[in-house]
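Understanding the architecture of this molecule
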Amino acid sequence: MHRLRHYMAALTGACVAGAALIAALSLGYYSWGAVAVSAAIGLIAAWPAGIWFARQIKREDPDWDHRRDQPRT
C-alpha cells in the first residue's frame, strides 16, 4: 500500500495537464482537441512522475521507516 504514490500521481497529473493546457492555449489552440491532448499528456505522465516523486521524498526523509512501507498481507 503506497498511498504517497497515489497522492503524488494525482497532484503531478493535474499540474502537468494544466501546464500543457496553458501552453496550448497560449499558442492559440482553442479547441477540444487541445484539451484532450493536454489531458492525455497529464494521464500518461502522472504515474511515472508520481512514483519518482514518492521515491525522492522517501529517500530524502531521514525519519522514513521503510519497514512500515511494506504492503499488508
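First, a word on scope: everything that follows refers to the structure included in this document. (Residues numbered from 1 in each chain as written. Predicted model: local features only at pLDDT ≥ 70, side-chain atom pairs only at ≥ 80, totals over all residues. Heavy atoms only, no water.)

Examining the overall build of the protein
Rules: Put simply, DSSP H or I for four residues or longer makes a helix, DSSP E for two residues or longer makes a strand, and each gets a number counted from the N terminus. Only protein chains enter the calculation, and the probe is 1.4 Å; a residue is then buried if its accessible area is under 20% of its type maximum, exposed if over 50%, and partly exposed in between. Should any heavy atoms of two residues lie within 4.5 Å, those residues are counted as being in contact.
Secondary structure assignment for the protein yields two helices and zero strands. Each of the 73 residues in the protein was classed as buried or not, and the buried ones make up 22%. Of the contacts formed within the protein by residues at least 6 apart in sequence, a portion of 72% connects residues at least 24 apart.

So, the packing of aromatic side chains
Applied cut-off: Classification of ring pairs rests on two measures: the distance between centres of Phe, Tyr or Trp rings, Trp counted by its six-membered ring, which must be within 6.5 Å, and the angle between planes, read as stacked under 30 degrees, edge-to-face over 60 and tilted in between.
Counted by the stated rule, this structure contains one aromatic pair. Between Trp52 and Phe53 the ring centres are 5.1 Å apart and the planes differ by 65 degrees, which places this aromatic pair in the edge-to-face class. Overall, Phe53 belongs to the partly exposed group, its relative accessible area being 32%.

A closer look at helix α1 (residues 3-26)
Every α-helical turn comprises 3.6 residues, leaving residues that sit three or four positions apart pointing alike. The criterion, for reference: Every helix has an expected span of 1.5 Å times one less than the residues it contains.
Look at α1: 35 Å from first C-alpha to last across 24 residues, which is about the 34 Å you get at 1.5 Å a residue. Of the positions making up α1, those classed as buried are Met8, Ala9, Thr12, Gly13, Ala17, Ala20 and Ala24. Against the buried residues of α1 lie α2 (32-60).

Some points on α2
To be explicit about the condition: To get the bend at a residue, fit one axis to the 7 residues ending there and another to the 7 starting there, then take the angle between the axes.
Here α2 spans 40 Å end to end across 29 residues, near enough to the 42 Å set by a 1.5 Å rise per residue. At Ala46, α2 is bent by approximately 40 degrees, the largest bend along its length, and proline Pro48 sits one to four residues beyond. Every buried residue belonging to α2 is among Ala34, Ser38, Gly42, Ala46, Gly50, Ile51, Ala54 and Lys58, and all of these are buried. On its buried face, α2 is in contact with α1.

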